[in-house]
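The chain contents come next:
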Amino acid sequence: MKKITSTVPVSILIVFICILIAFVIGNGEVFWHQQKWNSANISHYRIRLSRSCFCGDIEHSSASIEVQNGKIISTSDKAGPSETIDSLFSYLRRIHNRRVESLEVKYDPIYGFPSHIFYDSSKDVMDDEMGFDILKFEVLP
């Protein structure tokens, strides 16, 4: 009987498995909540979205955004945030892939959409924090 030997050191295999688990846990949570959102099958809604960005000047803005079939059909403030719930999920996946230092996410318990996102790319860099809050959510006919 021939003995099978590994050419990959065990330590490298363990590191790879740890990275894979971290990726699955972060994106897995986003995936699960997005599945909950998608299963609600809401095609027409309005949100009040607040954005905070500490990018040089501290900026806080908010807008009422009406979305139908995944597209923004009206917004109360052209200079304010213009995100849909689907684009917030995409944003979260990008944040997870960037491996930011600090990330806070809260999800709506009924529909699963991200109701609060706040992240800091690097604790050593000032003015790189970004946040989104859905202050109001309304299903429209």
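It should be noted that the structure appears before, not after, this text.
Residues numbered from 1 in each chain as written. Predicted model: local features only at pLDDT ≥ 70, side-chain atom pairs only at ≥ 80, totals over all residues. Heavy atoms only, no water.

Looking now at the overall build of the chain. For the chain, the helix and strand inventory stands at two helices and six strands. Ordered by position from N to C terminus, the α and β elements of the chain give α-β-β-β-α-β-β-β. A buried classification covers 35% of the 141 residues belonging to the chain. Considering only contacts in the chain between residues 6 or more positions apart, those separated by 24 or more positions represent 50%. Accessible surface computed for the chain: about 9100 Å², of which carbon and sulfur atoms make up 59%. (Helix = DSSP H or I, 4+ residues; strand = E, 2+ residues; numbered from the N terminus. Buried < 20%, exposed > 50% of the residue type's maximum accessible area, 1.4 Å probe, protein only. Contact = heavy atoms within 4.5 Å. Areas by Shrake-Rupley, 256 points an atom, 1.4 Å probe, with all protein chains shown as cover.)

What follows covers the pairing of strand β4 (residues 102-107). Pairing geometry for β4 and strand β5 (residues 114-120), over six bridges, is antiparallel. If you follow L103 over to β5, its bridge partner there is Y119. If you look at the hairpin formed by β4 and β5, you'll find six residues sitting between the two strands, and G112 has a positive phi there, around 90°. (Pairing = 2+ DSSP bridges.)

Let's shift gears to the packing of aromatic side chains. All chains considered together, the criterion is met by nine aromatic pairs. Considering the side-chain rings of W37 and F113, the 5.9 Å spacing of their centres and the 90° angle between planes classify their relative orientation as edge-to-face. In this pair, W37 is assigned in helix α1 (residues 10-40) and F113 in the loop between β4 and β5, connecting sequence segments 76 residues apart. Judged on exposure class, the residue W37 and its partner F113 are both buried. (Phe/Tyr/Trp six-rings, centres within 6.5 Å; stacked < 30°, edge-to-face > 60°.)

Okay, the pattern of salt bridges next. Oppositely charged side chains may form a pair once their charged atoms are brought near each other. Summed over all chains, the structure comprises two salt bridges. Note that R46 and E138 form a salt bridge whose closest N and O atoms lie 3.0 Å from each other. You can see R46 sitting in strand β1 (residues 44-55) and its partner E138 sitting in strand β6 (residues 129-139), a full 92 residues away along the chain. We classify R46 as partly exposed; its relative accessible area is 28%. Judged by its relative accessible area of 29%, E138 is partly exposed. Connected through shared salt-bridge partners, R46, E66 and E138 make up one network. (Salt bridge = Lys/Arg side-chain N within 4 Å of Asp/Glu carboxyl O.)

Another aspect to go through is the environment of A79. Position of A79 relative to the elements: it lies in the loop between β3 (71-75) and α2 (85-98). According to the relative accessible area criterion, A79 is exposed, its value standing at 61%. Placed 17 residues apart in sequence, A79 and S62 show a C-alpha to C-alpha distance of 8.9 Å.

As for its placement among the helices and strands, A63 is situated in strand β2 (residues 57-68). Judged by relative accessible area, which is 0%, A63 ranks as buried. Note: C-alpha distance between A63 and D77 (14 residues apart in sequence) is 5.3 Å.

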